[in-house]
Every structure is written in C-alpha cells, then in structure tokens.
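# Structural characterization, general
Below are the chains, spelled out letter by letter.
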Amino acid sequence: MLSTRSYSLALATTGLAIILSIVGLALYLVPMSGMISVGSGDLTRIGWFSNNRYGPRKPNLAFRPALFALAGALDRHFDVVIVGDSFSADLEKSWPNYLAAKGLSVLVIGFADNPEKRNATADVENQITALLQSPTFREAPPSIFIFASIERFLKRRLVSDTSPCLEVQQKEESNAVAAPLGTVFAEPPALRYADPPEHRIEEVGMPLARRYDEQQLTYARDFLLKNIRNSFGRKSAARELRLSVPRFSSDRAKALLVVSGDLHKNRWGQNDIEEMQCQLLRLQRAVQANGKTLFIALPIPDKLSAYHDDLVDPSLPRGVIDQLTDPRLNRPPVDKALRAAITAGEMDVYLPNDTHFGARGQALTAETVMRFIEERTHKIEAPGTSATPLPQGNN
C-alpha cells in the first residue's frame with residue numbers, strides 16, 4: 001500500500017503530466033486568434049480538428065480596404081445589390097470585391113432568416129418583398145439584383161412548409177432561351193463603370209508562430225475533451241470524408257471536411273427541387289417587374305457537392321443545382337466553373353478547413369457572374385474610367 005508521501009507524489013506527477021500535455025498541445029495547435037485573423041477554420045473549430053493538419057498552406061487573398069458595402073437595407077442606388085449569406089459577406093475576401101474592382105458599386109444585404117428556425121422561406125420572401133417596396137428601390141433601383149445562397153440552405157430558404165409555390169404560368173414561345181421572366185426589357189439594364197477606390201490585394205496565411213495564452217490553453221483542454229467524446233461515437237457538427245485525389249494544400253490533402261448539413265440533401269425529393277426552381281422564378285418575376293433590374297439566381301454548391309466526383313464513397317448525396325434547368329431562370333453556371341477548376345487540379349478552390357471558398361473559388365465565382373452580367377447589360381463608362389481586371393488568385 002502506498003504511503004501518504006508516495007500517493008501525494010504520484011498524484012502531483014499525474015497532475016503535472018496532464019498540465020504539460022495541455023501546454024504542449026496548446027503550443028502545437030494553431031492559435032484561435034490566428035484562425036480568426038485569417039478568416040478560415042469554421043470546420044476545424046466546430047469539428048475539433050487540428051489546423052496544423054487541416055489548415056491551408058496556400059495563402060488566401062484579402063482586399064484592403066474592402067470595396068463593397070455591407071448593410072441591412074438599401075439607402076441609395078447601387079449597380080449591384082446582393083441578398084446573400086456568409087459566402088457573400090466577408091468584407092475582405094468574398095467575391096463581391098472582385099465585381100467592385102471592375103468599377104461597379106456593390107451592396108451586400110444579409111439574409112434575415114433566423115438560423116434557429118427549421119424553415120425560413122416566409123422570412124426571406126418578406127425581406128425581399130419589403131426591399132422591392134422600399135422608396136429607394138422604387139426611385140433608384142439597382143441594375144442587378146442577386147439572390148445568393150449556399151446549396152445546403154436552399155430548401156429552408158425556398159421551400160415552404162405550409163404554402164407551395166404557385167406554378168409560374170408563363171411559357172416559352174420557342175425552343176430558344178426565353179426572355180427574362182416577367183418582363184421584356186425595353187433596353188438592357190445600364191451599368192455605369194467607374195474607377196474603383198484605391199486598394200491592395202494581400203496574401204494572408206495561417207500563422208506559423210507557436211504561442212500560448214489563457215485562451216489557447218482553454219482551447220487545448222476543450223480540444224482534448226471533445227475528441228475523447230467523439231471517439232465514443234458522439235456526433236460532430238463536421239465530418240471528415242476521403243477523396244481519391246489530393247485537392248487541398250493542407251497536410252491532409254485528400255481529406256474533405258464538410259459541415260454535417262451538407263449530408264442532409266439525401267432527404268430532398270424531386271418536389272423540393274421543383275419548388276426551389278419555382279420560387280426562384282417567382283422572385284425573378286417580382287424583381288424584374290420594374291423593367292430596370294436584372295435578377296440573378298446564384299445558388300452556390302456546398303463543399304460536398306463541389307467535390308462529390310472525387311469521393312472514395314460516391315453513395316453520399318450529390319448536389320442539386322444542376323437540376324435547376326428552367327431556361328427562363330437567370331442562373332450563371334458557377335457550379336460548372338468551380339468543378340472545372342477542381343478537376344483541372346486547382347488546390348483550395350474551397351478552403352480545406354472551412355466551408356467557404358479559397359481565393360480561386362472567390363475569383364471564379366466573380367468571373368462567372370461578371371460574364372453573365374456583361375452579356376445582359378448595357379455598359380456606360382464614365383469619362384476617364386479604366387476598369388480593373390479581375391484578380392486571378394494564386395495558382
């Protein structure tokens with residue numbers, strides 16, 4: 001039997017070993033402050049994965065200062081108004097900056113849907129209706145109105161639990177691509193290109209320095225506890241899937257981290273997809289009723305959909321965006337552009353440790369949307385204007 005002295009020594013040694021383990025782990029883990037400054041890591045954070053293994057080695061790009069406005073309402077004329085989610089709202093890194101770098105004035109308004117609600121269709125429709133009926137929209141309407149939503153939230157934002165979308169009755173008059181739904185523009189919407197504000201585009205990467213403080217020690221402790229619980233089968237908000245080819249710059253180049261909600265598309269039926277398309281057509285008709293504003297539907301593939309063709313397990317749910325095929329719907333083929341870049345071997349089209357785009361994904365989205373806009377609008381250049389080419393991102 002251990003003496004009191006031996007027992008105390010063993011207890012102290014065990015406690016010291018635990019403390020040193022936590023301190024060592026804190027030194028190993030990329031600091032939370034670094035994740036925040038880079039603006040990536042939502043999947044490693046909610047899934048309790050290490051950024052040392054899953055964080056990007058390829059730098060991201062940041063616009064400094066940001067070139068677009070972020071607000072809750074329309075207070076003046078903008079060339080482009082985007083109602084969207086976090087894919088459009090990162091002031092320094094998201095794709096609206098690239099449109100603004102071409103000389104367009106751009107405003108992003110965040111969705112007014114409550115994330116706690118299972119269905120937000122009524123909230124989204126009421127928000128857009130209020131925007132269209134506002135004095136500013138009526139007196140100084142934007143030339144372009146973009147509805148931008150990540151794919152995994154399309155059902156909760158477009159498919160009502162109580163009132164199905166009324167069928168859009170307008171039919172195509174020929175087999176050619178129909179005119180924009182709800183209006184035939186007397187002339188294409190006009191865009192006045194101006195010189196963008198002075199700005200710089202900087203590379204930002206995960207921090208290399210190892211340090212620890214109280215926040216980092218707490219994170220290391222929680223990291224250990226959460227992973228112990230996960231090892232006993234506790235469900236995580238993020239999942240790790242395997243890819244057949246490397247697609248990321250992280251140490252785990254063949255690992256696909258996704259938010260668990262990406263997997264819920266297996267619950268969607270054909271009726272849901274038809275409802276999504278019907279609701280987008282209804283929104284398009286309402287926005288374009290003034291004859292001055294072009295509506296653009298921008299469903300953005302979630303990470304599981306974008307990388308589905310590379311999965312070791314192809315039985316996981318596929319994307320649905322390519323099924324939104326009504327030719328009357330104004331939808332740039334962003335899904336195809338992103339997949340083409342991934343297939344060509346572009347690393348970090350989406351960030352390895354995050355649900356959002358990397359630099360190339362942001363630029364590709366902007367390029368595809370901008371091309372769609374230029375084909376359908378009239379360009380007015382202010383005297384002395386020289387629009388800035390879209391940045392290409394890192395190769």
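An account of the accompanying structure is given in this report. (Residues numbered from 1 in each chain as written. Predicted model: local features only at pLDDT ≥ 70, side-chain atom pairs only at ≥ 80, totals over all residues. Heavy atoms only, no water.)

## Focus on the packing of helix α7 (residues 121-133) against helix α11 (residues 270-288)
Two numbers describe a pair of packed helices, the interaxial angle and the distance between the axes. Quick reminder of the rule: To get an axis, fit a line to the C-alpha atoms, keeping to the stretch in contact for a helix; angles then go from 0 to 180 degrees between the N-to-C directions. Counting from the N terminus, the helices are the DSSP runs of H or I reaching at least four residues and the strands are the DSSP runs of E reaching at least two. Any angle that is under 35 degrees is reported as roughly parallel, and any over 145 degrees as roughly antiparallel; angles of 65 to 115 degrees are reported as roughly perpendicular and all others as oblique. By convention, the crossing between two helices is left-handed when the near helix turns anticlockwise from the far helix through less than a right angle, and right-handed when the turn is clockwise. Contacts are residue-level and defined by heavy atoms, with any inter-residue pair within 4.5 Å sufficient. Three classes are used: nonpolar for Ala, Val, Leu, Ile, Met, Phe, Trp, Tyr, Cys and Pro, charged for Asp, Glu, Lys and Arg, and polar for all others, with Gly counted as polar.
Interhelical geometry of α7 versus α11 gives an angle of 10° and a closest axis separation of 11 Å. Here α7 is positioned roughly parallel relative to α11, judged by the angle of their axes. Seen from above, α7 lies across α11 with right-handed handedness. Contacts from T121, E125, I128 and L132 of α7 reach α11 at Q279, R282, L283, A286 and V287. Split by residue class, the contact of α7 with α11 holds five nonpolar, two polar and two charged.

## Notes on empty space enclosed by the protein
Heads up, the rule is: Method remark: on a 1 Å grid restricted to protein atoms, a set of points is classed as a cavity if a 1.4 Å probe fits but cannot get out and as a pocket if it is open with protein on both sides within 12 Å along at least five of seven lines; lining residues have an atom within 4 Å of a point. Grid points are joined across faces, edges and corners, and a volume is the space filled by probe spheres set on the points.
A complete count under the given rule lists one cavity of 30 Å³ or more for this structure. There is about 30 Å³ of room inside the largest cavity. Lining the largest cavity, in full, are K58, P59, N60, D348, L351, G358 and A359. Its residues assigned to classes, the lining of the largest cavity comprises three nonpolar, two polar and two charged.

## Description of the sheet that holds strand β2 (residues 69-71)
Filter applied, for reference: At least two bridges found by DSSP between two strands are what make those strands a pair.
Strands sit in the order β2-β4-β3-β5-β10 across an open sheet of five strands; the sheet is parallel. Either end of the sheet is taken by a strand with one partner, and the two such strands are β2 and β10 (294-300). In this sheet, adjacent strand axes meet at a mean angle of 20° when their direction is disregarded. Pairing of strand β3 (residues 80-84) with strand β5 (residues 144-150), which is carried by five bridges, proceeds in the parallel orientation. The partner of I82 across the bridge, within β5, is I146. Its contacts with the sheet place α11 against β5 and β10, and it is angled at close to 150° to β10.

## Some remarks on the pattern of salt bridges
Threshold: Here, a salt bridge means any Lys or Arg side-chain nitrogen found within 4 Å of an Asp or Glu carboxyl oxygen. Each residue is placed in one exposure class: buried if its accessible area under a 1.4 Å probe, protein chains only, is under 20% of its type's maximum, exposed if it is over 50%, and partly exposed if it falls in between.
Throughout the structure, instances matching the rule amount to 24 salt bridges. A salt bridge links D335 to R331, with the nearest nitrogen and oxygen atoms 3.3 Å apart. Neither residue differs from the other here; D335 and R331 are each classed as buried. Close ionic contact of R360 with E367 constitutes a salt bridge, the shortest N to O distance being 3.1 Å. Considered together, R360 and E367 belong to a single accessibility category, that of buried residues. Within the structure, one salt-bridge network assembled from shared partners comprises R64, E92, K93, R200 and E202.

## Quick word on the packing of helix α13 (residues 334-343) against helix α14 (residues 359-376)
At their nearest, the axes of α13 and α14 sit 9 Å apart, and the two run at 140° to each other. For the element pair α13 / α14, the angle class is oblique. The handedness of the crossing between α13 and α14 comes out as right-handed. Seen from α13, the contacting residues are V334, A337, L338 and A341; seen from α14, they are G361, L364, T365, T368 and V369. Classifying every residue of the contact of α13 with α14 by side-chain character gives six nonpolar, three polar and no charged.

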